[in-house]
Amino acid sequence: MLFNLSKTSLNYTTNAFGDGLPRAIGHLDLDYFFAQVEEVENPALKNSPTVVCVYSGRTEESGVVSTANYRAREFGVKSGIPISLAKRRLKDAEAVFVPINQPKYQVYSERIMDSLRDEFEVEQTGIDEAFFDLTRKTGGDYAKAQELASELKRRILLEEGLTCSIGIGPNKVVAKMASDFKKPDGLTVVWPDQTLSFLFPLSVDKVPGVGPKTSKILKENGIESIRGLAGYPAENLERILGRKLAIYLHKAANGQDDEPLATETGVSQLSRIITLKTDTADSTEIFTQLSPSIKDLHERLTAKGLFFRTVAVIGIRPDLSIHSRSRSLETPTNDYQVLSRSARDLLATLVSDLGGLRRAGVRVSDLVGVANQQSLGEFMS
Ligand code: DCP
Ligand code: CA
Ligand code: CA
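Residues numbered from 1 in each chain as written. Chains lettered and ligands numbered in written order. Predicted model: local features only at pLDDT ≥ 70, side-chain atom pairs only at ≥ 80, totals over all residues. Heavy atoms only, no water.

Chemist: Could you clarify how one ought to interpret the site of ligand 1 in this entry?
Modeler: Near ligand 1 lie 13 residues; those nearest to it are Tyr 32, Ser 66, Thr 67, Tyr 70 and Arg 73. Contacts to ligand 1 include Tyr 32, whose backbone N or O atom sits 2.7 Å from an oxygen atom. Interatomic distance of 2.9 Å between a side-chain N/O atom of Tyr 70 and an oxygen atom of ligand 1. Computed on the free molecule, ligand 1 has an accessible area of 550 Å², of which 67% lies beneath the protein chains in the complex. Within the residue set of the shell around ligand 1, elements represented by two or more residues are β1 (25-30), α1 (33-41), β3 (63-68) and α2 (70-73). (Near = heavy atom within 4 Å. Polar contact = N/O pair within 3.5 Å; in protein donor to acceptor, adjacent residues only side chain to side chain. Areas by Shrake-Rupley, 256 points an atom, 1.4 Å probe, with all protein chains shown as cover. Helix = DSSP H or I, 4+ residues; strand = E, 2+ residues; numbered from the N terminus.)

Structure (structure tokens):
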């Protein structure tokens, strides 16, 4: 026997804190992300099939589709297909084609990920997706986890105008498959004791890491569903896929995955970004508009018992290019005046270097916990 699977431990894999709680892991994925941001900035697009395009520039139509809204997907338009093919499929549909604008999507992504990090331990796995750990906040209570996830979805919709899909499960693999289960605007909670009944009917293609190549091999061996994969003799699986992949897939199909979240060692930074009322190069005016966010940031910091050593301001110009200026202090502090004055001075420098801004933000980093006396002491000495 290759794997020593302890089936009894399946439902209550305890978490990394060793406090015996069943883990509750969330996976969040923003829906048709780039196209949805385009809709937020131009709501008329919601009524049309909308395609975000990566033009290669060779001819007017050469390039590929980055993503498309769900209306366009009804016509078979999806990430990766040639723009020319998308145009043919949408010939009679009065579709809109917009060029990709990565810096713009990045700003939305950073705001959402930062606010997620304010609340949870987070492993960001892409521009529009992240794992987050609900275990501590819920004590492993999945009903509570479901509530927190609903709240999170509501907040992202309210603050950013974006829908997302969230999955919750006992580990990363199950959480990821759960977020993919219902899209767009989905929330799928897989209670630990439902893990196998959730997984078994799904196609092996749904297991993260199973691409076209692995899928083909599995199917050639008669393995179509996760149930089939879970029951396939481990020795045979290793022979057809190699040891590493076989072990991973066998465990995943049985709902097992001990991978911890690769979190950024606790909270490493906090930030706030605002859109200015009008584009302006008046740094006093920008500072005035940013001040409530600086207060808010300081409250967050204090609530978490954190000291900062580095302050930065972020400026986004009308052409959406992103710039920043930062200053590091000799010793960490949580002093509001230091934060506020540093932000004011840095803004003045940034604006005199760059001119007018569309958005402005403030960030504190090199954070040190008060509870973490040792590292605070290190800084102080
Ligand atoms: N993306 C891209 N090219 C690809 C795949 C993705 O440019 N081949 C970009 C555009 C997407 C973003 O990455 O908006 C996130 O990718 P997802 O795979 O999460 O796809 P979407 O968010 O677009 O759609 P879904 O609603 O299915 O998550
Ligand atoms: Ca997505
Ligand atoms: Ca994604």
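Text resumes after the structure shown.
Chemist: In this structure, what is going on with the packing of aromatic side chains? I would like to understand it.
Modeler: Aromatic ring pairs are reported here in terms of the distance separating the ring centres and the angle at which the planes meet. In the structure shown here, the tally under the stated rule is seven aromatic pairs. Pairing Phe 34 with Tyr 105 gives two aromatic rings, centres 4.2 Å apart and planes at 20°, and the pair type is stacked. You can see Phe 34 sitting in helix α1 and its partner Tyr 105 sitting in helix α4 (residues 102-119), a full 71 residues away along the chain. As far as burial versus exposure is concerned, Phe 34 and Tyr 105 are alike and both buried. Ring-pair connections join several aromatic residues into one group, and the members of that group are Phe 33, Phe 34 and Tyr 105. Across the ring face of Phe 97, the terminal group of Lys 87 is positioned such that the distance to the ring centre comes to 4.9 Å. For Lys 137, the ring lying beneath its charged end belongs to Phe 120, and the centroid distance is 5.3 Å. (Phe/Tyr/Trp six-rings, centres within 6.5 Å; stacked < 30°, edge-to-face > 60°. Buried < 20%, exposed > 50% of the residue type's maximum accessible area, 1.4 Å probe, protein only. Lys NZ or Arg CZ within 6 Å of the ring centre and 35° of its normal.)

Chemist: Teacher, can you tell me more about the coordination of the calcium ion (ligand 2) here?
Modeler: Ideal coordination angles are 109.5 degrees for a metal with four donors arranged tetrahedrally and 90 or 180 degrees for a metal with six donors arranged octahedrally. In the first shell of the calcium ion (ligand 2), the protein supplies Asp 29 (OD), Leu 30 (O) and Asp 128 (OD), at 2.0 to 2.2 Å from the metal. Note that the calcium ion (ligand 2) binds six donor atoms; their angles at the metal cover 81 to 172°, and the shape is octahedral. For the calcium ion (ligand 2), the single-chain donor residues occur in sequence as D-L-x97-D. Separating the calcium ion (ligand 2) and the calcium ion (ligand 3) is a distance of 3.5 Å, and Asp 29 donates to both of them. What makes Asp 29 buried here is its relative accessible area of 11%. (Donors = N, O, S within 2.8 Å, 3.2 Å for Na, K, Ca; no water. Tetrahedral: all angles 85-135°; square planar, octahedral: opposite > 155°, others 65-115°.)

Chemist: How should helix α14 (residues 336-354) be read in this particular structure?
Modeler: Structurally, the α-helix is built with 3.6 residues per turn, so residues lying three or four positions apart point the same way. In a regular helix each residue adds 1.5 Å, so 19 residues correspond to 27 Å; α14 covers 26 Å between its end C-alpha atoms and thus fits that length. All buried positions along α14 are accounted for by Leu 339, Ser 340, Ser 342, Ala 343, Leu 346, Leu 347, Leu 350, Val 351 and Leu 354. Around the axis of α14, the buried residues are gathered within 160° of arc, so they sit on the same side. In this structure, the buried residues of α14 make contact with α13 (283-303), β10 (306-316), β11 (322-333) and β12 (357-365). By the N-cap criterion, in which a side-chain oxygen at the helix start approaches the backbone nitrogen of a residue two or three places on, α14 is capped by Asp 335, the distance to Gln 337 being 2.7 Å. (Expected span 1.5 Å × (residues − 1). Arc of directions from axis to C-beta. Contact = heavy atoms within 4.5 Å.)

Chemist: Got a minute to help me understand the coordination of the calcium ion (ligand 3) in this structure?
Modeler: Looking at the metal site, the calcium ion (ligand 3) is ligated by Asp 29 (OD), Asp 128 (OD) and Glu 129 (OE), spaced 2.3 to 2.5 Å from it. Each donor residue of the calcium ion (ligand 3) belongs to the same chain, and together they define the spacing D-x98-D-E.

Chemist: Can you walk me through the pattern of salt bridges in this structure?
Modeler: When their charged atoms lie close together, side chains carrying opposite charge are able to pair. Applying the stated rule across the entire model yields 26 salt bridges. Where Asp 92 meets Lys 91, a salt bridge forms, and the shortest distance between an N and an O atom there is 3.9 Å. According to the relative accessible area criterion, Asp 92 is exposed, its value standing at 72%. Here Asp 345 makes a salt bridge to Arg 344, at a shortest N to O gap of 3.6 Å. Accessibility expressed as a relative area gives 32% for Asp 345, which makes it partly exposed. (Salt bridge = Lys/Arg side-chain N within 4 Å of Asp/Glu carboxyl O.)

Chemist: How should the sheet that holds strand β2 (residues 50-55) be read in this particular structure?
Modeler: The pairing of strands in a sheet happens through backbone hydrogen bonds and is either parallel or antiparallel. Read across the open sheet, the three strands follow the order β3-β2-β4; overall the sheet is mixed. What marks the edges here is a single partner per strand, and that holds for β3 and β4 (96-99). Pairwise comparison of adjacent strand axes, ignoring direction, gives a mean angle of 35° for this sheet. Direction of pairing for β2 relative to β3: antiparallel, over a ladder of five bridges. Within β3, the position partnered with Val 51 by the bridge is Ala 68. (Pairing = 2+ DSSP bridges. Axes fitted to C-alpha atoms, helices over the stretch in contact; angles between N-to-C directions.)

Honestly, that's just the spatial picture; any functional story needs more than this.
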